[in-house]
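Architecture and fold: a report
Here are the chains, one letter per residue:
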Protein chains: 2
Amino acid sequence: VSEFDVPSGLPARIPTPLAGDPRLARLSLNQRTTADWTLAQAIAGCAEAGIGSIGVWREPVAEVGVETARRMLDDAGLLVSSLCRGGFFTDPDGFDEAIAENRRAIDEAAVLRADTLVLVAGGLPPGDRDIVAARDRATRAIELLVPYAQEREVNLSIEPMHPIFAADRGVISTLSQALDIAERFDADDVGVVVDTFHVWWDPEVLDQIARAGGDRIASYQVCEWITPLPADTLLSRGMMGDGHIDFAGITAAVAATGYSGDVEVEIFNADVWAADGRDTLATLSRRYAELIHPHL
Amino acid sequence: VSEFDVPSGLPARIPTPLAGDPRLARLSLNQRTTADWTLAQAIAGCAEAGIGSIGVWREPVAEVGVETARRMLDDAGLLVSSLCRGGFFTDPDGFDEAIAENRRAIDEAAVLRADTLVLVAGGLPPGDRDIVAARDRATRAIELLVPYAQEREVNLSIEPMHPIFAADRGVISTLSQALDIAERFDADDVGVVVDTFHVWWDPEVLDQIARAGGDRIASYQVCEWITPLPADTLLSRGMMGDGHIDFAGITAAVAATGYSGDVEVEIFNADVWAADGRDTLATLSRRYAELIHPHL
């Protein structure tokens, strides 16, 4: 019996009602949704909730080491829908270090057999107002990383971020823009992330999902736009069903492309984080079964 | 001497250094930038600061009545670069009332001889997730209003709003989308507002400004995107120069279209509102002269 046997780290508890429900077959827990859980706890939580995939983050993986993380995930039979995250390419003074850091992230994605390594472009460097040049640096970085990732059979995925983050987090703002970059490469090598929080408002979202097609969508992530927007915009995402996003329409558009991958629930929200992780998993499983699964 | 003679409502003060500077020739104060000023105070403040145009809001105009407002503005020799604002068309239960209210706004714009009546689409009605239908209602409302506005020689302008407001304020999110609607009509009848805060992040912004052309841009408004974003996103706008927007590039693109109208400074920000209005005008005049005027 290894120290990572599920449900290590969690007290005994009645399984959630939806564990074993076939509607959860493609549900993946993005680890940041239960931000205060260690990797071991997140793995145990997924096992208890009947969730078969997980999107892992580099920091909690690093706490145990990537080889150990891989063993823990294998022991639990968990698939890795994504590794979050690489990117942050936009500071010219840190460009070389960013490339080196992203190569390390690619190495980790290879060990973890993650379906994709999610890339976030990065924001404008301090005092820099040239968003066009920042976008170009992000594009060049991805070009530099593709051969390295290709050798290791790691898919890179470009995540367009809501324009609320254009200044300080992600200068790639639309699915169209992400696809313009991704389409320079084979779909096996570079895809895009469709995250409902980031793209729901876009008048072109359905057309651009169709343009992407099932092989170019590397990850489909769901979380909600809620109002009033919480004061810390980084933590402004909500539980599906609590806000304004048309999950039926966007999910159906993703499904219509033939996308057959997992659907990650990724929620950054202080209230969600304050709740018991297993309650969060129970809620998101129900919401997923009701709001997402019927349209897949 | 009428009660509205400038500088009524303001104590004696040394004129700001830039009053009379020819670089301010096209500067307009959007009244919401000095939100605690009455119309009389705003008029007096503009006169003192050497600002020759003002973008007025319906509420402070209503406090004195539109005919009186027109007389006050005429007495001060102030031009009206815009009337803010009409719109809010997206609630199906309030659609007819919204049309009636916007006809009243058009009447006011005619009396005020405002260069344009700014229209904000409105957000998603409570519990409604169909943003496509909401956008269609906004479009239909504009179609209904154009003949009425045309008879009164009032230009309507569609203001795309930053996607941060798509859920609760403005479902028209990009300049491209606003132009798709505006171009159904003569440029004299329906234009667009280019507000740097709303459009700066858009990968297509320069192309869409060029597409609009000088006769379709009904208003050019400047204000800044600052980080960290203030907690109340409605008040998250900053003074030009304090944030991330490339005013040189966007202003040059607007100028290249041949746009010859005023440039409104519209800042919703609690710190700006807490400051003395005349200090705000002195600051924005300097920032305008340094950051905007050279690129016009």
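Residues numbered from 1 in each chain as written. Chains lettered and ligands numbered in written order. Predicted model: local features only at pLDDT ≥ 70, side-chain atom pairs only at ≥ 80, totals over all residues. Heavy atoms only, no water.

1. Quick word on the overall build of chain A
Heads up, the condition is: Here a helix means four or more residues in a row that DSSP labels H or I, a strand means two or more in a row labelled E, and each is numbered from the N terminus. With the radius of gyration taken over C-alpha atoms, the globule rule is written as 2.2 Å times the number of residues to the power 0.38. When a residue's accessible area, from a 1.4 Å probe over protein chains only, is under 20% of the maximum for its type it is buried; when over 50% it is exposed; and in between it is partly exposed. Should any heavy atoms of two residues lie within 4.5 Å, those residues are considered in contact.
Tallying secondary structure elements over chain A gives eleven helices and ten strands in all. Over its C-alpha trace chain A gives a radius of gyration of 18 Å, about what one expects of a compact globule, namely 19 Å for 296 residues. With the principal axes as the frame, chain A shows a C-alpha extent of 55 × 40 × 35 Å. For chain A, the proportion of its 296 residues judged to be buried stands at 60%. At a minimum sequence separation of 6, the contacts of chain A that also span at least 24 residues come to 81%.

2. Comments concerning the interface of chain A and chain B
Keep this limit in mind: Whenever a carboxyl oxygen of Asp or Glu lies within 4 Å of a side-chain nitrogen of Lys or Arg, that contact is scored as a salt bridge. The term polar contact refers here to a pair of N or O atoms within 3.5 Å; inside protein, the definition further demands a hydrogen-donor-capable atom paired with an acceptor-capable atom, and it admits residues adjacent in sequence only when both atoms are side-chain atoms. When residue character is reported, Ala, Val, Leu, Ile, Met, Phe, Trp, Tyr, Cys and Pro are called nonpolar, Asp, Glu, Lys and Arg charged, and the others, Gly included, polar.
Contacts between chain A and chain B engage 31 residues on the former and 31 residues on the latter. Here Arg-129 of chain A and Glu-224 of chain B are joined by a salt bridge, their closest N and O atoms 2.9 Å apart. Across the chain A-chain B interface, the total number found is ten residue pairs in polar contact (both at pLDDT 80 or more). Mapped by element, the contributors of at least two residues to the side of chain A that touches chain B are α5 (131-151) and β8 (224-225) of chain A. Residues belonging to the side of chain A that touches chain B are distributed by class as follows: 14 nonpolar, nine polar and eight charged.

3. Some details on the sheet that holds strand β7 (residues 217-222) of chain A
Whether parallel or antiparallel, the strands of a sheet pair through hydrogen bonds between backbone atoms. Residue and element names in this part refer to chain A. Short version of the rule: Two strands are said to pair when DSSP picks up at least two bridges between them. For helices, the fitted axis covers only the stretch in contact; all axes are lines through C-alpha atoms, and the angles between them, taken along N-to-C directions, range from 0 to 180 degrees.
Taken in spatial order, the eight strands line up as β1-β2-β3-β4-β5-β6-β7-β10 and close into a barrel, and their pairing is parallel. Taking each pair of neighbouring strands and ignoring which way they run, the sheet shows an average axis angle of 30°. Bridge count for β7 against strand β10 (residues 263-265) is three bridges, and the pairing is parallel. Paired with Gln-221 across the bridge in β10 is Glu-264. Those strands touched by helix α6 (residues 175-182) are β5 (156-158) and β6 (190-195), and its axis lies near 165° from that of β6.

4. Some remarks on the state of the cysteines
Residues and elements named next belong to chain A. Just so we agree on the cut-off: Criterion for a disulfide: a pair of cysteine sulfur atoms at a distance within 2.5 Å.
Taken as a whole and assessed by the stated rule, the structure comprises zero disulfides over all chains. Note on Cys-84: no disulfide assigned, nearest cysteine sulfur contributed by Cys-223 at a separation of 12 Å. We classify Cys-84 as buried; its relative accessible area is 1%.

5. Description of the sheet that holds strand β5 (residues 156-158) of chain B
Residues and elements named next belong to chain B. Within the closed barrel, the eight strands sit side by side as β1-β2-β3-β4-β5-β6-β7-β10. Their pairing is parallel. Here the strands of the sheet are splayed against their neighbours by 30° on average, with no regard to which way each runs. In terms of strand pairing, strand β3 (residues 79-87) meets strand β4 (residues 117-120) through four bridges, oriented parallel. Note that in β4 the partner of Gly-87 across the bridge is Val-120. Packing of helix α11 (residues 277-292) onto the sheet brings it into contact with β1 (27-30), β7 (217-222) and β10 (263-265), and relative to β1 it is tilted by some 140°.

6. Structural notes on helix α3 (residues 66-76) of chain A
An α-helical turn contains 3.6 residues, so any two residues separated by three or four positions project in the same direction. Residues and elements named next belong to chain A. Stated formally: It is the directions from the helix axis to the C-beta atoms whose arc is reported.
Buried residues of α3: Ala-69, Arg-70, Met-72 and Leu-73, and no others. Along the axis of α3, the buried residues cluster in a sector spanning 160°; they form a single face. Residues of α3 that are buried make contact with α1 (39-49), β2 (53-57), α2 (58-64), β3 (79-87) and α4 (95-112). Just downstream of α3 lies Gly-77, where phi reads positive at about 70°.

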